[in-house]
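Below, each chain spelled out in residue letters.
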Amino acid sequence: MKSSLAIIPARGGSKRIPRKNIKNFLGMPVIYYSIEAALKSNLFDEVMVSTDDEEIAKISMKFGAKVPFLRSKINSDDFSGTGDVALEVLNFYSKIGKYFDYCCCIYAAAPLIQKKNLVEGFDLLKSSQYDVVLPICPFSSSIWRSYNLDFEQKGLLKNFPENEVIKRSQDLPNAYFDAGQFYWFKTSQFFRLENKNIFGTKKGGIILNEVEAQDIDSIVDWEMALMKHQILQNRLK
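About the criteria used
Residues numbered from 1 in each chain as written. Predicted model: local features only at pLDDT ≥ 70, side-chain atom pairs only at ≥ 80, totals over all residues. Heavy atoms only, no water. Helix = DSSP H or I, 4+ residues; strand = E, 2+ residues; numbered from the N terminus. Rg over C-alpha atoms; globule rule 2.2 N^0.38 Å. Buried < 20%, exposed > 50% of the residue type's maximum accessible area, 1.4 Å probe, protein only. Contact = heavy atoms within 4.5 Å. Areas by Shrake-Rupley, 256 points an atom, 1.4 Å probe, with all protein chains shown as cover. Lys, Arg positive; Asp, Glu negative; His and termini not counted. Charge placed at Lys NZ, Arg CZ, Asp CG, Glu CD. Pairing = 2+ DSSP bridges. Expected span 1.5 Å × (residues − 1).

**Q** Got a minute to help me understand the overall build of the protein chain in this structure?
**A** The helix and strand tally for the protein chain stands at six helices and 11 strands. For a compact globule of 237 residues, the expected C-alpha radius of gyration is about 18 Å, and the protein chain comes in at 19 Å, within 12% of that figure. On the principal axes, the C-alpha backbone points of the protein chain span a range of 60 × 45 × 40 Å. A burial count over the protein chain gives 47% of its 237 residues as buried. Taking contacts inside the protein chain between residues at least 6 apart in sequence as the whole, the part at least 24 apart equals 72%. Surface exposure of the protein chain reaches about 13100 Å², of which carbon and sulfur atoms provide 53%. For the protein chain, the distance from the average position of its 31 positive side-chain charges to the average position of its 28 negative side-chain charges is 3 Å.

This is how it looks when you write it as structure tokens:
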């Protein structure tokens, strides 16, 4: 039987929002929501948190995640990527005789994550030839109506791209952005990549609506996530 691992990267040194990964979000440390969604999805043989921080480790274990080791210093600085973290985790498990066919990196500050989206992403990964599946969200305004701002010419606006501006709005192609919640990937393909990039070469996406996604890099982002979480909770009532 094939097995799956959830990896929740959560280092302690967040710069823009100090201690972001355990900051209080509606009465719970924000990492709680990622751990809860992973556990309740029943998709994983193991849900683990990769952290360099003792406090984060204790909180994570309190909510049911495993922290089998503390992350190395080399993978805990501002330049370490998710792929570096995943490689360290998978190498650790292989040394103790545990191997996983599928992995899902779930970001710690993703309080809008829902187990149904984890399930949908996993189903797509298993039933397709994709190396990676991630949630995406449509831009609320078309990127084909965007501008370049030329500061050297005192704020001159230039259409970008110029050949799209003449089209009717309904004729413009859809565009999506990475929702920044989780990345399902096949471990066999991950190890084949020379640069160990969890984003792989062949990607598939599941579409979330605007309320289900919010990147959190600033206090304003945090406040937006709070409002969206309340909206989602009201919908479930």
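Next comes the rest of the description.
**Q** Is there a simple way to think about the pairing of strand β10 (residues 182–186) in this case?
**A** The buried count for β10 comes to five of five residues, which makes it a mostly enclosed element. Of the two faces of β10, both are covered, the one formed by Phe-182, Trp-184 and Lys-186 as well as the one formed by Tyr-183 and Phe-185. Sheet topology places strand β5 (residues 102–106) next to β10; five bridges connect them, and they run antiparallel. Across the sheet, Cys-104 pairs through a bridge with Trp-184, a residue of β10. In this structure, strand β6 (residues 132–138) lies alongside β10, joined through two bridges in antiparallel fashion. Looking across to β10, one finds that Val-133 is bridged to Trp-184.

**Q** Explain unusual backbone geometry to me, please; I cannot follow it from the model alone.
**A** Working note: non-glycine residues mostly have negative phi, and peptide bonds are mostly trans. A positive phi angle is found at Arg-19, which is not glycine, with a value near 55°. Looking at the element boundaries, Arg-19 is found in the loop between β1 (4–9) and β2 (24–25). Positive phi values are uncommon outside glycine, yet Asn-42 reaches one of about 60°. Along the chain, Asn-42 falls in the loop between α1 (31–41) and β4 (46–50). Take Asn-42: its relative accessible area is 69%, and that puts it in the exposed class.

**Q** Sorry if this is basic, but what is going on with the side chain of Asn-117 here?
**A** Locating Asn-117 in the fold gives a position in helix α4 (residues 115–126). What Asn-117 contacts, discounting residues up to four positions off in sequence, is Phe-182, Ile-206, Leu-208 and Glu-212.

**Q** Explain the environment of Gly-121 here, please?
**A** Counting through the fold element by element, Gly-121 comes out in helix α4. Given the relative accessible area of 0%, Gly-121 is considered buried. Counting along the chain gives 64 residues from Gly-121 to Phe-185, while the straight-line C-alpha distance between them is 9.8 Å. Ignoring sequence-local partners within four residues, the contact set of Gly-121 consists of Val-133, Trp-184 and Ile-206.

**Q** What's the story with α4 in this structure? I'm lost.
**A** Each α-helix winds once per 3.6 residues, and so residues spaced three or four apart point in a common direction. End to end, α4 covers 17 Å across 12 residues, agreeing with the expected 16 Å (1.5 Å per residue, within 8%). On the buried face of α4, the contacting elements are β1, α1, β5, β6, β10 and β11 (203–207).

**Q** I tried to follow the environment of Thr-51 on my own but got confused; where do I start?
**A** Structurally, Thr-51 can be placed in the loop between β4 and α2 (54–62). Classification of Thr-51 as buried rests on a relative accessible area of 0%. Distance in space between the C-alpha atoms of Thr-51 and Val-67 is 7.8 Å, their sequence separation being 16 residues. Filtering out sequence-adjacent residues up to four positions away, Thr-51 remains in contact with Ala-10, Arg-11, Ile-56, Ala-57, Val-67, Phe-69, Leu-70 and Arg-71.

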